[in-house]
Amino acid sequence: VATKPAAVYFGCEHAREWIACTVPAYLANHFVENYGIDPDITDLVDNVEFYLIPVFNVDGYIYSWTTDRFWRKNRRNNGGGSFGVDLNRNWSEGWGGPGSSNSPSSETYRGPSPFSEPETRALRDFFIAHPNVRVQLDVHSYRQLILWPYGYTPALSPDHILFQEIGSAMKSLIFGVHGLNYNIGPVYTAIYPASGVSVDWTYAQRGILSYSYEARDTGLYNFELPENQIIPNNEEL
């Protein structure tokens, strides 16, 4: 059983957000290349467990490469010619609330029940099996945002001040790399109401300090971030 505090980073909860998949992989490479050279990286790797999941929504991600570049959901067969559940509306905390849909054809279809999907069940069970997890980062794109709970209610979380302090530090550090501005705030107000999202469940049910990033950009390229921005994006995140 792991005794070190742990961090979970995962990308591509939404299939079309390809830049999100590269962030955990880039971080792994950064650790390997700098371990034993950079004392801060060495200390971090020695004292923290990192669980890095580049592609959470595997079936949807593959479909976005083979068939529909802008596919968002997983590939559940909903019947009636409709496919897919929005995995980031399928977590149980606040499930069924604002910013989610009960229509199987909707981009934000929440699924027939909380944790109806194998992907969200698997990650839920991983968190439960790893009580040493202290922090989570769910990477999305696009809009350049640093987000935290809640998504299902405008009410501020009990740890809002802490979330805000850390979020402000993240914002400053990101800006310091390439001069890009990331806005910060709770999901509900900083982007839009969204119920059944990962950060709400991990924070409320597991006591994890949970953030979600919306990576580059702010609307010029949307989900089709040019190749020459991949490395700069990952350097700042």
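Because the structure is predicted, anything quoted here is derived from the model rather than measured.

### Points about the sheet that holds strand 6 (residues 145-148)
- Pairing within the open sheet is mixed, and its six strands lie in the order 2-1-5-8-6-7. In the strand order of this sheet, the two ends are held by strand 2 (49-53) and strand 7 (183-186), each with one partner. Along the sheet, successive strands turn relative to each other by an average axial angle of 15°, direction set aside.
- Looking at chain direction, strand 6 and strand 7 are connected through four bridges and run parallel. By the bridge assignment, tryptophan 148 is partnered in strand 7 with proline 186.

### What to know about the pattern of salt bridges
- Counted according to the given criterion, the structure contains six salt bridges.
- Of the charged contacts, one joins aspartate 86 and arginine 72 as a salt bridge, the two residues approaching to 2.7 Å between their closest N and O atoms. Here aspartate 86, found in the loop between strand 4 (82-83) and helix 4 (118-129), pairs with arginine 72, found in the loop between helix 3 (58-66) and strand 3 (77-79); they are 14 residues apart in sequence, far enough to count as distant. Neither aspartate 86 nor arginine 72 differs from the other in exposure class; each is buried.
- Within this structure, Arg72, Asp86 and Arg89 form a network of salt bridges that share partners.

### Some thoughts on the packing of helix 4 against helix 7 (residues 198-206)
- It is at 12 Å that the axes of helix 4 and helix 7 come closest, and there the two elements cross at 30°. As judged from the angle between their axes, helix 4 and helix 7 are roughly parallel. The two elements helix 4 and helix 7 meet at a crossing, and its hand is right-handed. Contacts between helix 4 and helix 7 involve Arg124, Phe127 and Ile128 from the first element and Trp201, Thr202 and Arg206 from the second.
- When grouped by side-chain class, the residues that make up the contact of helix 4 with helix 7 number three nonpolar, one polar and two charged.

### Looking at unusual backbone geometry
- At the junction of serine 141 and tyrosine 142, the peptide bond is cis and its omega measures out at 5° in the coordinates.
- One can find tyrosine 142 in the loop between strand 5 (133-141) and strand 6.
- Here the bond from proline 149 into tyrosine 150 is cis, since omega is 5°, no more than 30 degrees from zero.
- By the element assignment, tyrosine 150 lies in the loop between strand 6 and helix 5 (160-178).
- Within the chain, phenylalanine 115 stands out as a residue other than glycine whose phi angle is a positive 55°.
- Along the chain, phenylalanine 115 falls in the loop between strand 4 and helix 4.
- A relative accessible area of 8% means that phenylalanine 115 is categorised as buried.

### Brief notes about the state of the cysteines
- Considering all chains together, one arrives at one disulfide under this definition.
- Between the sulfur atoms of cysteine 12 and its disulfide partner cysteine 21 the distance amounts to 2.2 Å. Since a negative S-S torsion denotes a left-handed disulfide, the cysteine 12-cysteine 21 link at about -65° is left-handed. The same class applies to cysteine 12 as to cysteine 21, namely buried.

### Here we look at helix 4
- Taking 1.5 Å of rise per residue, 12 residues should cover 16 Å, and helix 4 covers 16 Å from first to last C-alpha, within 8% of that figure.
- Taken together, the buried residues of helix 4 touch strand 1 (6-11), strand 2, helix 3, strand 5 and helix 7.

### A look at the environment of glycine 151
- Inspection of the secondary structure puts glycine 151 in the loop between strand 6 and helix 5.
- Sequence spacing of glycine 151 and valine 197 is 46 residues, and the spatial spacing of their C-alpha atoms is 6.8 Å.
- Filtering out sequence-adjacent residues up to four positions away, glycine 151 remains in contact with Val187, Tyr188, Pro193, Ala194, Ser195 and Asp200.

### What about the environment of leucine 220?
- Secondary-structure assignment places leucine 220 in the loop between strand 8 (209-215) and helix 8 (230-236).
- It is 23 Å that separates the C-alpha atoms of leucine 220 and methionine 170, two residues lying 50 residues apart in sequence.

Rules of the game
- Residues numbered from 1 in each chain as written.
- Predicted model: local features only at pLDDT ≥ 70, side-chain atom pairs only at ≥ 80, totals over all residues.
- Heavy atoms only, no water.
- Pairing = 2+ DSSP bridges.
- Helix = DSSP H or I, 4+ residues; strand = E, 2+ residues; numbered from the N terminus.
- Axes fitted to C-alpha atoms, helices over the stretch in contact; angles between N-to-C directions.
- Salt bridge = Lys/Arg side-chain N within 4 Å of Asp/Glu carboxyl O.
- Buried < 20%, exposed > 50% of the residue type's maximum accessible area, 1.4 Å probe, protein only.
- Parallel < 35°, antiparallel > 145°, perpendicular 65-115°, else oblique.
- Left-handed = near helix turned anticlockwise from the far one by under 90°.
- Contact = heavy atoms within 4.5 Å.
- Nonpolar A, V, L, I, M, F, W, Y, C, P; charged D, E, K, R; others polar.
- Disulfide = S-S within 2.5 Å.
- Expected span 1.5 Å × (residues − 1).

From the geometry alone we can't say anything about function, so treat these as descriptive.
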